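Structural characterization, general
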Amino acid sequence: MPVGEAGDVLGKDVKRARNLIDIHRYGDAEAVLRRVLAADPDHFGGLSHLSWLLDLDNRPNEAAEVAALLVARYPNDREGHRRLGWIRFHQRRRVEAESHARRAVELAPDAANAWTLLGRILARLPGRTDEALTAADEAIRLDPHSGTGYQVRARAYSASKRWSEAEAALAEALACAPHSIDNLADMALVKLRLGNVEEARGLLTSCLRLDPSPRAVRGVIRDIETNGFCEQLADVYALACFAVGRPRLSVPGAAGDDGELLTEQGRLAQTLWREAKKAGHTWPRAAGEQARALVTAILAADPTHRVGREAAMTIADEDGDHVGADALATGLLADGYDDIPHTYLVAIHAAVKLARAADALDLAQAAAARHPDHLDLSCWHWRTLLTAGRRTEAVAAAVHATRLAAASPCRPLIELARAATESGSSHDAVQLLDAVLTPTTGAHLGRLHRAALLVRAHNFVDAETLLASGPPSADGLTHAMLASARLMQGKWTRALADFERAIAAPVRGLTVPRLIRDQVRGWGVPYALREVYLEALTLLGEADSSNAMAPSDRANLWYGLVGLLMIAATEDNPEALRWARAVAADARALDPKHASGSAIEAILADPESADAHTFVETVRTRLAAAVT
């Protein structure tokens, strides 16, 4: 029944409920809407507004149930899909959220709010920044005066660490809606990223003054806490916490033994840990240490607390503490907390690392029964069956995993290729990966894995060709691997540019800075690569330890690198010889008495000499032996 229909008494009640929602009288509004739905369970306005109210009242599960009912009753109306997409987005169920947002756009392509929702979701998904910007542009075209489209554009830029562009977009948003709390809070966070702490403090203070409602104040607290800005904004943070009568949960022990506060503090610890693992976090080490301290305090107050144990389990797993992760994960499962697939994943991974194959199989079978539609658990299921020698069951489980992998149809093949690599059968792995390299979602992962095999075999030319043959990627790992392949071919100018792209990529995580660190450290941190090496360490929150290496050991590594660069030096690649000479000069300055220094300098002075050819062939022979 449409809202606003003439003579519709129930429609008038819905309007009254909306007015009550606007003044934050949620209890009274809910009572009115419940009466409307008692009279007409399918009333469109009643369902829509009740879902909205429950979401505003921080009751997401109930809100999702009502929104799902709205979608079921009115499947071809965008409102239900938009509501449910919004709720799933905030529940971090972003695949479902994207599906509903896209359906809302299909049903109402001229509705700006459908495009803004889609843009918000895409901005939070790895590698989807360009799509998010397209959605934002469409929202701006349809409604250029609301400012919401500009806000979505800013969030897409922020996800890519393009802070100056995000600042410009938010300036447009604030020009349209100067008193928008969301816009002011977003601008404050961007100002903080740009180092303008005082401006950020003023903006957040304006947020508290313009909307002192508990929901808005909690939003400010959440922004400060989860982005690691508690110390920089201690006065604003304290004021906001005081305004809602909430302790400063960023402080260990502040929750006391209150169950609800401990849960909220546990969620904060999980968010801080997750954010700290992102290389784009402002202070990754500080956020990670704060998460550890919070979890320690939570478990000291209540050793049985579920959220605290889950946070501790995740930290232990990612720290490589397999014994600790195993104890926490199996303890949670034994207590009946088996509704989250991640707990099973941690338990299985720990059992495998601890060489307890039978336990890993038992856990994988229980997980497959409890979460039959979870792809990662299904992959573990067939792998553990195969390890146990139960080949027939393993094949059936792999077939099931293949069916689940609709969005990434080659995922099981990639897993098989990894297993083949681990068993030493690179030939089998390459054959499997060749089947993956087709225009599918799985092609990207397959290309990376096959390139890694080529690099390991010192086949840098083919690795570069393979990585460069794919579509343009925002994935930092692709750029980092491409840099590695080019580095070993003496194409250092391009390699350095690739490393910079890898560090700036929106889809990066901590794998990329670790790869850069290990690659550069493996060659003793040559001076030409030192800047990018230090950038990687900054993202990881680590100190530089390269100077602890003995000068003679570093010089040995640098002279070895000179040999590789000499192999790469050709008429088509004169750059390699220039870099070889630069690295040799650095090695000579580092260790003037090195036994090989004079000989290599002579070879580099006359690269066409017999000694130079002998040197290059010797390096080739040693490389071939290393590959074998």
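These remarks concern the structure in this document. Not measured: the values here are computed from a predicted model.

**What about the packing of aromatic side chains?**
According to the stated counting rule, one finds four aromatic pairs in the structure shown. The interplanar angle of 85 degrees and the centroid separation of 5.1 Å between the aromatic rings of phenylalanine 44 and tyrosine 74 together place this pair among those described as edge-to-face. Of the two residues, phenylalanine 44 is situated in helix H3 (residues 44-56) and tyrosine 74 in the loop between helix H4 (60-73) and helix H5 (78-90); the sequence distance between them amounts to 30 residues. Each ring, one from tryptophan 492 and one from tryptophan 579, has its centre 5.0 Å from the other, and the planes form 35 degrees; the classification is tilted. With a gap of 87 residues between them, tryptophan 492 in helix H28 (residues 492-504) and tryptophan 579 in helix H32 (residues 575-590) connect regions that are remote in the sequence. What makes tryptophan 492 buried here is its relative accessible area of 0%.

**Considerations on unusual backbone geometry**
Look at histidine 24: it is not a glycine, yet its phi comes out positive at around 65 degrees. Within the fold, histidine 24 resides in the loop between helix H1 (9-22) and helix H2 (26-39). Judged by relative accessible area, which is 45%, histidine 24 ranks as partly exposed. Positive phi is not limited to glycine here, since alanine 355 has a value of about 60 degrees. Relative to the assigned elements, alanine 355 resides in the loop between helix H19 (341-353) and helix H20 (357-370).

**Remarks on the environment of alanine 504**
Counting through the fold element by element, alanine 504 comes out in helix H28. Accessibility expressed as a relative area gives 47% for alanine 504, which makes it partly exposed. With 344 residues separating them in the primary sequence, alanine 504 and serine 160 have C-alpha atoms 7.6 Å apart.

**With respect to H2**
Here H2 contains 14 residues, and its C-alpha end-to-end distance of 20 Å stays within 8% of the 20 Å for a straight helix at 1.5 Å per residue. Regarding H2, the residues found buried are Tyr26, Ala29, Glu30, Val32, Leu33, Val36 and Leu37. One face of H2 carries all of its buried residues, which in axial projection span an arc of 165 degrees. Away from its buried face, by an angle of more than 90 degrees, H2 presents the exposed residues Gly27, Arg35, Ala38 and Ala39. Contacts from the buried residues of H2 go to H1 and H3.

**A few points about the packing of helix H9 (residues 148-159) against helix H11 (residues 181-193)**
Between H9 and H11, whose axes approach to 11 Å, the crossing angle comes to 25 degrees. Taken together, the axis directions place H9 and H11 in an arrangement best described as roughly parallel. The chirality of how H9 crosses H11 is left-handed. Mapping the contact onto sequence places Gln151, Arg155 and Ser158 in H9 and Asp182, Asn183, Asp186 and Val190 in H11.

**Quick word on the pattern of salt bridges**
In the structure shown here, the tally under the stated rule is 37 salt bridges. In this structure, glutamate 167 and lysine 191 form a salt bridge, with 2.6 Å as the shortest nitrogen-oxygen distance. Residue glutamate 167 is located in helix H10 (residues 163-176), and its partner lysine 191 is located in helix H11; the two are separated by 24 residues in the primary sequence. Among the salt bridges present, the one from aspartate 319 reaches arginine 292, with a minimum N-O distance of 2.5 Å. One end of the pair, aspartate 319, is in the loop between helix H17 (306-318) and helix H18 (322-334); the other, arginine 292, is in helix H16 (residues 284-301), and 27 residues separate them in sequence. Judged by relative accessible area, arginine 292 falls into the partly exposed class, the value being 34%.

**Side note on the packing of H1 against H2**
With their axes 8 Å apart at the nearest point, H1 and H2 run at an angle of 160 degrees to one another. Taken together, H1 and H2 sit at an angle that is classed as roughly antiparallel. As for how H1 packs across H2, the hand of that crossing is left-handed. Here Leu10, Asp13, Val14, Arg16, Ala17, Leu20 and Ile21 of H1 lie close against H2, whose contacting residues are Tyr26, Asp28, Ala29, Val32, Leu33, Arg35, Val36 and Ala39.

**Some remarks on the nonpolar core**
The biggest cluster of nonpolar side chains holds 48 residues, and the ones touching the most others in it are Ile121, Leu204 and Ile224. The greatest single-element share of this core, amounting to eight residues, is contributed by H11. In contact with isoleucine 121, not counting residues within four places along its chain, are Gly85, Phe89, Arg94, Ala97, Glu98 and Ala101. Of all hydrophobic cores here, the second largest spans 42 residues; its members include Ala495, Tyr559, Ile603 and Leu604.

**Concerning H32**
Counted at 1.5 Å a residue, the expected span for H32 with its 16 residues is 22 Å, and the 23 Å between its end C-alpha atoms agrees. Those residues of H32 that fall on the buried side of the exposure criterion are Glu575, Ala576, Leu577, Trp579, Ala580, Val583, Ala584 and Ala587. Looking at the buried side of H32, the elements it contacts are H28, helix H31 (551-568) and helix H33 (597-605).

How each quantity is defined
Residues numbered from 1 in each chain as written. Predicted model: local features only at pLDDT ≥ 70, side-chain atom pairs only at ≥ 80, totals over all residues. Heavy atoms only, no water. Phe/Tyr/Trp six-rings, centres within 6.5 Å; stacked < 30°, edge-to-face > 60°. Helix = DSSP H or I, 4+ residues; strand = E, 2+ residues; numbered from the N terminus. Buried < 20%, exposed > 50% of the residue type's maximum accessible area, 1.4 Å probe, protein only. Expected span 1.5 Å × (residues − 1). Arc of directions from axis to C-beta. Contact = heavy atoms within 4.5 Å. Axes fitted to C-alpha atoms, helices over the stretch in contact; angles between N-to-C directions. Parallel < 35°, antiparallel > 145°, perpendicular 65-115°, else oblique. Left-handed = near helix turned anticlockwise from the far one by under 90°. Salt bridge = Lys/Arg side-chain N within 4 Å of Asp/Glu carboxyl O. Core = buried A, V, L, I, M, F, W, Y, C linked by side-chain atoms within 4.5 Å.

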